[in-house]
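Here is how the chains run, residue by residue.
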Amino acid sequence: FVKKARQLLDDGVACLFGCWTSASRKAVLPLVEEARRLLFYSVSYEGNESSKYVVYGGMVPNQQIFPALDWLASPAGGDRRKVFLVGSDYVFPRTANYIAKQYLEDKSLKVVGEAYLPLGDRDFTATVERIVDSGADCVLNTVNGSSNLGLFPALAAAKVDPAKLPV
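Below or above, wherever it landed, is the structure these notes cover. (Residues numbered from 1 in each chain as written. Predicted model: local features only at pLDDT ≥ 70, side-chain atom pairs only at ≥ 80, totals over all residues. Heavy atoms only, no water.)

1. Things to note about the nonpolar core
One recurring pattern in soluble globular proteins is that nonpolar side chains are buried together.
Inference 1: Judged by nonpolar contacts, the single largest core of 17 residues is most densely connected at Ile65, Leu69, Val83 and Leu140.
Inference 2: Elements with a minimum of two residues in this core: α3 (61-73), β4 (82-88), α4 (91-106) and β6 (138-142).
Inference 3: Examining the composition of this core, we find that six residues originate from one element, α4, more than from any other.
Inference 4: Once you skip the residues sitting within four places of it in the chain, Ile65 turns out to touch Phe92, Ala96, Ala100 and Leu140.
Inference 5: Among the nonpolar cores identified, the runner-up in size contains 16 residues, and Leu29, Tyr41, Tyr45 and Tyr53 belong to it. (Core = buried A, V, L, I, M, F, W, Y, C linked by side-chain atoms within 4.5 Å. Buried < 20%, exposed > 50% of the residue type's maximum accessible area, 1.4 Å probe, protein only. Helix = DSSP H or I, 4+ residues; strand = E, 2+ residues; numbered from the N terminus. Contact = heavy atoms within 4.5 Å.)

Here you go:
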């Protein structure tokens, strides 16, 4: 991302559209600020960043995670009170879960566990065991991309009932 952004900025483009990940956005940010050009970043992101050279178009935790947690804690969502946080070991999941933990604490909800796996990892067997053993009644999933192809089959293999333990 940095190499291509530098090339495009050196070629005189007025703005960039892209950077699919928080890490790529953070890497390109100093370049667009130095060049005084715009970056349009449309992906959901963790917040906690502001630059007059970036148009942040994606949702932040208070727009996507908080409403989900509120619903889970409501009668319609099952009056969930014990949350397990599972995510990729990456900028967005760690920051979003940090913010979610503060929000949950303010709502008198309990975080009963937290696990992070490397980006791209698909072996969630041990993590699902931890989730089940924690007594969680819901899971906040901030796992990135294709790693979900490991998480959900591991939940199914452990015979986790989504009606009893929604993710």
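2. Some points on the pairing of strand β5 (residues 110-117)
Inference 1: Relative to β5, β4 runs parallel, the two being bridged by seven bridges. Within β5, the position partnered with Ser88 by the bridge is Leu117.
Inference 2: Taken together, β4, α4 and β5 form a β-α-β motif whose crossover is right-handed. (Pairing = 2+ DSSP bridges. Right-handed = clockwise from strand over helix to strand, strands pointing away.)

3. Examining the side chain of Thr142
Inference 1: Positionally, Thr142 belongs in strand β6.
Inference 2: For Thr142, the residues in contact, after removing those within four places along its chain, are Val86, Gly87, Ser88, Phe92, Pro93 and Asn97.

4. Examining the sheet that holds β5
Inference 1: With parallel pairing, three strands are arranged side by side in an open sheet as β5-β4-β6. Across the chains shown, the open sheet's two edge strands, defined by having one partner strand only, are β5 and β6. Across the sheet, the axes of successive neighbouring strands diverge by a mean angle of 15°, strand direction being ignored.
Inference 2: As paired strands, β4 and β6 are joined by five bridges and run parallel to one another. What sits directly across from Phe84, in β6, is Val139.
Inference 3: The strands touched by helix α5 (residues 125-134) within the sheet are β4, β5 and β6, with β5 carrying the most contacts at an inclination of about 175°. (Axes fitted to C-alpha atoms, helices over the stretch in contact; angles between N-to-C directions.)

5. Focus on the environment of Arg36
Inference 1: Turning to its location among the elements, Arg36 is positioned in the loop between α2 (22-35) and β2 (38-41).
Inference 2: Residues Arg36 and Pro162, spaced 126 residues apart in sequence, show a C-alpha to C-alpha distance of 48 Å.

6. Considering the pattern of salt bridges
Inference 1: Applying the stated criterion to the full structure yields eight salt bridges.
Inference 2: Linking Lys101 and Glu114 is a salt bridge whose minimum nitrogen-to-oxygen distance equals 3.0 Å. One end of the pair, Lys101, is in helix α4; the other, Glu114, is in strand β5, with 13 residues separating them in the sequence.
Inference 3: Among the charged side chains, a network of salt bridges with common partners joins Arg25, Lys26, Glu46 and Glu49. (Salt bridge = Lys/Arg side-chain N within 4 Å of Asp/Glu carboxyl O.)

7. Notes on unusual backbone geometry
Inference 1: Phi at Arg36 is positive, roughly 55°, even though this residue is not glycine.
Inference 2: Look at Arg36 and you get exposed, because its relative accessible area is 66%.
Inference 3: At Asn48, a residue that is not glycine, the phi angle is positive and equals roughly 60°.
Inference 4: Mapping Asn48 onto the fold places it in the loop between β2 and β3 (54-56).
Inference 5: According to the relative accessible area criterion, Asn48 is exposed, its value standing at 65%.

8. A closer look at the sheet that holds β3
Inference 1: Taken in spatial order, the three strands line up as β1-β2-β3 in an open sheet, and their pairing is parallel. Where the open sheet ends on each side, the last strands, each with one partner, are β1 (15-17) and β3. Put simply, the sheet's adjacent strands are angled 15° from each other on average, direction ignored.
Inference 2: Relative to β2, β1 runs parallel, the two sharing three bridges. Residue pairing across strands places Phe17 opposite Phe40, the latter belonging to β2.
Inference 3: With respect to the sheet, α2 is in contact with β1, β2 and β3, its orientation differing from that of β2 by roughly 165°.

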